[in-house]
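# Coordinates in review
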Amino acid sequence: MKRLLTIATIAVCSAALLAVGGSYATSLYYAAGHGDACADCHEMAAYVSAVHSSPHHNAGCTDCHDASLSAKLRHIGVHLSGAQPESIRMREVDTRQMIVSCQRCHQHEYVSWHAGPHSATYAEIFANSAHNSKRRLMDDCLRCHGMYFNGAVRDLVQPQNTSGPWHLSRPDLADQPTIPCQACHWIHREGLPETKPASRISVAGPAIPESLAFFDRREEMHFTALSLPIPKLYDGATLLKVSPDQRQSVCYECHAPRQPETNSVAAINHWGEQAGSGDDRTPMGVHEGLSCFSCHNGHNQNARASCKTCHPAMSHCGLDVEKMDTTYANPSSPHNIHWVRCVDCHKHGVPKVRTRMKQTTLSAGQ
Amino acid sequence: MFTRRQFVAASAMAGAALAVGCAKRQRTPWEFLSEPEARTLKAICDQIVPADDFPSASQAGVLTYIDRQLVRHFRSYQESYRRGLQQANLLSKKRFGLDLAAASPQQQFAIVSAIEKQDPHFFELVRTHTLQGYYGSPRHGGNRDAVSWRMLGLAEPPLLGRAQYDLTAGKRS
Amino acid sequence: MNRVNAVVVGAGAAGGIVAKALSTAGLSVVLFERGKWYTANDCRKDDLRNQRTTVLGNAFGPDDEGNPRVWVDVAGATHIALPSEGAYQNNAACVGGGTLSYGAQAWRYLPQDFRMRSTYGAPAGSSLEDWPITYDDLEPFYEKAEYEIGISGDYSGTPFHGPRRRDLPMPPLPPNREFEILEPAAKRLGLHPFHIPMARNSVPYNGRGPCMRCRWCVGFACEVDAKNGSQNTVIPTALATGNCVLHTECMVTEILTDDRGRARGVSWIDEHGHRRQQLSDIVVVSACAIESARLLLNSKSRLFPNGLGNRYDQVGRNLQGHHYTGATGYFDFETYDDVGPGASIAVTDYNHGTPGLCGGGMLANEFIRLPIHMLDRLPGETPRWGPAHKQAMRAYHRRSIVVMGPTQQIPTAAGRVTVDPGVKDKWDLPVARFEGNVHPHTFEIGEIQARRAEAWLKEAGALRTSIGAGKPSLVSAGQHQAGTCRMGDDPHGSVVNKNCQLHDIDNLFVIDSSVHVTNGGFNPVLTIMAIAYFASDSLVRNWKGTQFRS
C-alpha cells in the first residue's frame, strides 16, 4: 500500500513537472525565431506575416499570445480533428489578456482609458437596473459593449425581461471591461509605428493613427477608420456641417444616429437622419462642425479641460466654464454641450458683436 | 483502458501524422488547392471579376473563399475543381502553348469563354463561387475589407443607433 | 415520464400559439421541437449563410447532414435534395420555426380566398375547394393574432380587405424611398397602394423596442428583437405559465395509438439519441405542411396501415406554396436608401375579380436587396461575367426596384407529399418525397401578375424592366408550404374537420398550414396564426377536465 502511494506521488509530481517544464519549453520554443516556429502551422502563417509588416514587428508572438503547452495542445487538437474555424479569431478571454500586454508598453494610454467611461465593466453595462427596467437587452447591445463576448446576450444576463433582478450568468466577467483595447485598435495590420506628435501637425489635417479601426462583431474583423462612414446628418430640415475628421468614424460606429422614429416630426416631414437621434452626439448650435477630437482625447473621454482651449476660463456672463452644467446624457438639458445654441442663453437675441463669430470658417479636424 | 504500449504507439502515430500532414503542406496558404491550381483558378476568377478602379476577384480574396469552402461546404465539388482546372490549363497549353496563368489577359479571356461553352458545369461552379466570394460577407475570406460593398456605395459596418425609449413610461413612449 | 394533457409537435408559428393557449388554460403541455433555440448571435447577419441565401448552409436548420428529402421531377426521375437546396422546399427547424427569420409580412386573407370554388368553379385537373369556415369565423382570431404577436401597418389606403373591427396595434414604419417612388405611380394607375402589414415593431410594443431598419431582414433573426415571431411572444408566455415544457433538438418519430384507435401519445428521440415515449390525452401536430404529413404517414399501425388520417388517401395531397412572379425595374436615379426592411408598399387590387382568371395575388415591393441578390437580377442583355457584369452591378444595385407577389395557387391532388420507400434520415425515419407540379392555370395567372408588376414599375419611371415568371418543373411549397391535411366537412376529401381535428381520431389534431384548403394570394403566416388561435379556442372550450371528449 505504502509502495503504491509512493509510486502515485512520484507519478503526480513528475506529471506536474512535465507540464510546467513542457509549458516553459514550448513558450521558449515559440518565443525564439521571431514567429518562425508559429508560422510552421500553416493556419498561423498569414497572421505571422501580417504582424511582421505592422508597427509591432519587433514584438514576438509570445509577447502577446499564450504559447503554453496547454494552449498549443488545444491548437494541435483542433488541427487534427479537422474542426478548424474558417479563420482564427480572438476569444473574449484573449482580448482580456491582451489588455495586460498592451499596458506593459502603453502605460499612459492604459491609465487614461481606465479612468474614462470606455473601461465600463460587464456588471456596469449589463446588470444596470436603471437601463434594464426601461429597455430590453438584445443581441445588438453586444455590437458596442462586449463585442468579443462569445455568445448571445441571453448567455450573459438573466432574466431577459424588464422586471429583473438581473444577474450575470458569467460572474467572472463582472469586473472585466466591455470595451477592450482591441475594440478600436487593430494590431495585425500593415503600417508604421506612430510618428512623434510634432510631425503630426500638418496642413493635411490631423494624422489618423493607422491602428485606429472598429472591431465589427458581425464579421469578427476590424475595419480601419479610413474605410468607415461619416454620416450625413440633418438638424430638422437643414443639412448639418459635420467635421470631416476621419478619426471620428470609429466613434460614429457606436455613437450612431437612427432613421427618424415612427410618427416623429422628422418622419412626418420626410427629413433625413437627425443629429442627436439614437446615440448620436454630433455637435449642433454653437459647436457645430467640431470634431469629437476637438474636445475629447481618444482614451479618456473627459472633455472638461478642453473648454479652455477656446474659451476664457470665466465666461462673459461670469460662469466658470469648467464647472458649468454641460451634461450630455440629458438631451433636454439647456446646457447640453453638444447642442447648446446661442439663444439658449441669450434669450432676447444674440448680441451684435457676437454675430461676427459666425464668419469663422472651419477646417478639417477642428 | 489503454495499455502503456498502446499509449506510446498512439502518441507516436499522432506525432508522425502531424509531421507528415504539415510537411506535405509546405507552407502554402491553401487548404485544398495546390499552387499551380491556385494560379489557374486565379486567372479564371480574375476574368469573371476583373480589376478596374476596384480590385479583381483574387485581389479581394476570392481564392481564399473558394479554397476554404472546398474543404468545408463545397467538399462535394473537390473533384469538379481538380478536373476543371486541369482541363482549363490543358486547353490553354494546347491553344497557346502556355499555362493559363502565364497567358495574356486576352488569351485568358478566350480560354474562359471556351470553358463556358465546353464545360458549363465547371464554369457555372467557378462563376457562382467567384461572385459569391466577391459580393458576399467578408468573414468568409472574399470581399476583403468589404470592398465590393464599398464599390456599391454601401457603408460597412453601417451606422445604426439605439432606439431611445422607456418601457416604464407607458405602452408607447 | 408522466402523462400530460397535450403534446404539441413543432414550436413554430402555430405550435407556439397552441402551446400558449393550452397552457394558459391550465392544461399540461409538452412542446417538441426538432431544432435548436437560436438567437441572432448564431448567424450574425451572414450574407451567405442564412435562411434565404443558403450557399453555405441554413442558419436556422435543418443541417445538410442527415436530413435529406426526395423529389420527383415531371419526367418521373427522382432526386435527392439537401436542406440548403431549393428543391428541398425548406422552411426552418428551430424554436419559432419560420417566424424567427421570416420577412414578417402579416396578411389577412380576403373573404373570397375562403370561397374559391364557389367564386370561380374548379378548373380542370384541380382540387380547388371552399374552406369549411369563412373569413367572418376567423376575423376575431386574426385580430387576436395581430394584437398578441404585434403587427404594424395601415390598411386605410385600400378598400380591398375584409371587414375588421379594430385597426392594427402599431402604425407602419416611416416610408422608404421605394414607397415614395411607387405610391404615386400606383395611384396614377388607379390602384390602391398601402403599407404592408408586418409582424415588426414600428414603436415599442410587447416589452420590446422598435426596428432599427438595418439591411439584413428576411432570412435573418432580428438583433434588436423587433421582429415578432412565436419565439419572442407566445412561447415565452407558455413557458412562464409553468404548465409547458419545451424539448428542443428532440424529434417526434411516431404518434402512438391504442387498440381503440385513439392517440395515446408520441414516441420521440431525445437530444442524446435515446428513444422515449410521452403519453398524453391529446396530440397536436404543428410541424408545417410537409413534416406534419410525414409524421402522420410514418405513424403506421395495425389499425392504420396507411398512416393516421389517411383512410381515404388524402394525407399529403394538395401540397401548395406560392408561385412568385414579378418584375425588376431599372431606373436612371437612385432608388436604394439602405433602409430596411425594404418591403413597404403593396396593392391587393389584383387578388380577385379579373375575368377569366381564377384569383390572382398581392403585389409588393421586395425586401431590401443584399448585393448577392442582384447577381442574376441585372438587365437581360448584361453579360453574366467580366467587366460589364461588374459595371452593371455598380449601375443597378442602387437603381432598381423589384415588385413581385405570391400568386394564389390552384391546388391539385397530384401535387403531394408521401414518404420515400428507401431514403431515411439520421433518425432512421423515411423522408418526405414530393411529386407533381404546379397547375397550368397558376402559371397563366403568374404571367399576368408579372406584367402588372412591370406596368407599375414603368409608370414609376423605370427605363427598362425584366420579367421574372418562370415555370419550375417541380411542386411548389417552400416557406409558404400548405394544404397537405386539408380541412373539410367530407372525410373522403379532407383530413381534418373545421376544428382541425382528424376525422377518424378525435384526440389528434393538425394545427398549422397543412389544413389550408387554399393558400390565398398572400404570405400565409397570419392565417396560420389565426387558425391556431381559432382551433385552440374550440379545443379549450371542448376540454372536459382531465379527459378530452369532443
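Now for a look at the structure at hand. (Residues numbered from 1 in each chain as written. Chains lettered and ligands numbered in written order. Predicted model: local features only at pLDDT ≥ 70, side-chain atom pairs only at ≥ 80, totals over all residues. Heavy atoms only, no water.)

Let's shift gears to the nonpolar core. Core analysis: the biggest nonpolar cluster contains 107 residues, and I255, L296, M487, L508 and M529 of chain C have the highest contact counts within it. At 11 residues, helix α10 (residues 525-541) of chain C tops the list of elements feeding residues into this core. Once residues within four sequence positions are removed from consideration, I255 of chain C is found in contact with A263, G265, V266, V283, V285, L295, L296, S299, L308 and L508 of chain C. With 94 residues, the next largest nonpolar core counts L142 of chain A, L100 and L154 of chain B together with Y336 of chain C among its residues. (Core = buried A, V, L, I, M, F, W, Y, C linked by side-chain atoms within 4.5 Å. Buried < 20%, exposed > 50% of the residue type's maximum accessible area, 1.4 Å probe, protein only. Helix = DSSP H or I, 4+ residues; strand = E, 2+ residues; numbered from the N terminus. Contact = heavy atoms within 4.5 Å.)

Looking now at the packing of helix α4 (residues 78-96) of chain B against helix α5 (residues 105-118) of chain B. Residue and element names in this part refer to chain B. α5 packs onto α4 with a crossing angle of 125 degrees between their chain directions and a minimal axis gap of 10 Å. By the angle between their directions, the pair α4 and α5 is classed as oblique. Taken as a pair, α4 and α5 cross one another with a handedness that is right-handed. Touching A88, L91, S92, R95 and F96 of α4 are Q107, A110, I111, A114, I115 and Q118, all from α5. Considering only residue class, the contact of α4 with α5 consists of seven nonpolar, three polar and one charged. (Axes fitted to C-alpha atoms, helices over the stretch in contact; angles between N-to-C directions. Parallel < 35°, antiparallel > 145°, perpendicular 65-115°, else oblique. Left-handed = near helix turned anticlockwise from the far one by under 90°. Nonpolar A, V, L, I, M, F, W, Y, C, P; charged D, E, K, R; others polar.)

Turning to the interface of chain B and chain A, a few remarks are in order. Taken together, the contact between chain B and chain A spans 30 residues of the former and 37 residues of the latter. Summed over both partners, the interface of chain B with chain A comes to about 3,200 Å²; 49% of that surface belongs to carbon and sulfur atoms. Along the contact surface separating chain B from chain A lie three salt bridges. Here E219 of chain A ties to R139 of chain B by a salt bridge, and the two come within 3.0 Å at their closest N and O atoms. Summed over the shared surface of chain B and chain A, the result is 19 residue pairs in polar contact (both at pLDDT 80 or more). Contributing elements (two or more residues each) for the side of chain B that touches chain A: α1 (4-25), α3 (62-70) and α7 (147-151) of chain B. By residue number, the principal contributor to the side of chain B that touches chain A is α1 of chain B, which donates three residues. Partitioned by chemical class, the residues of the side of chain B that touches chain A number 13 nonpolar, seven polar and 10 charged. (Buried area = accessible area lost by both parts, 1.4 Å probe. Salt bridge = Lys/Arg side-chain N within 4 Å of Asp/Glu carboxyl O. Polar contact = N/O pair within 3.5 Å; in protein donor to acceptor, adjacent residues only side chain to side chain.)

Now for the packing of aromatic side chains. Residue and element names in this part refer to chain C. With the rule as written, the count across this model stands at 23 aromatic pairs over all chains. Consider the rings of W107 and F194, whose centres lie 5.8 Å apart with planes at 90 degrees: the pair is edge-to-face. Pair noted here: W107 is in the loop between β4 (78-81) and α2 (116-120) and F194 is in strand β6 (residues 194-198), with a separation of 87 residues, a long-range link. Its relative accessible area of 0% is what places W107 among the buried residues. When the ring of Y330 is compared with that of Y396, the centres are 5.1 Å apart and the planes differ by 70 degrees; the resulting orientation is edge-to-face. With Y330 in strand β11 (residues 323-330) and Y396 in helix α8 (residues 387-396), this residue pair connects regions lying 66 residues apart in the sequence. We classify Y330 as buried; its relative accessible area is 1%. Y396 sits in the buried class, given a relative accessible area of 15%. R69 extends its terminal NZ or CZ atom over the ring of Y88, reaching a point 4.2 Å from the ring centre. (Phe/Tyr/Trp six-rings, centres within 6.5 Å; stacked < 30°, edge-to-face > 60°. Lys NZ or Arg CZ within 6 Å of the ring centre and 35° of its normal.)

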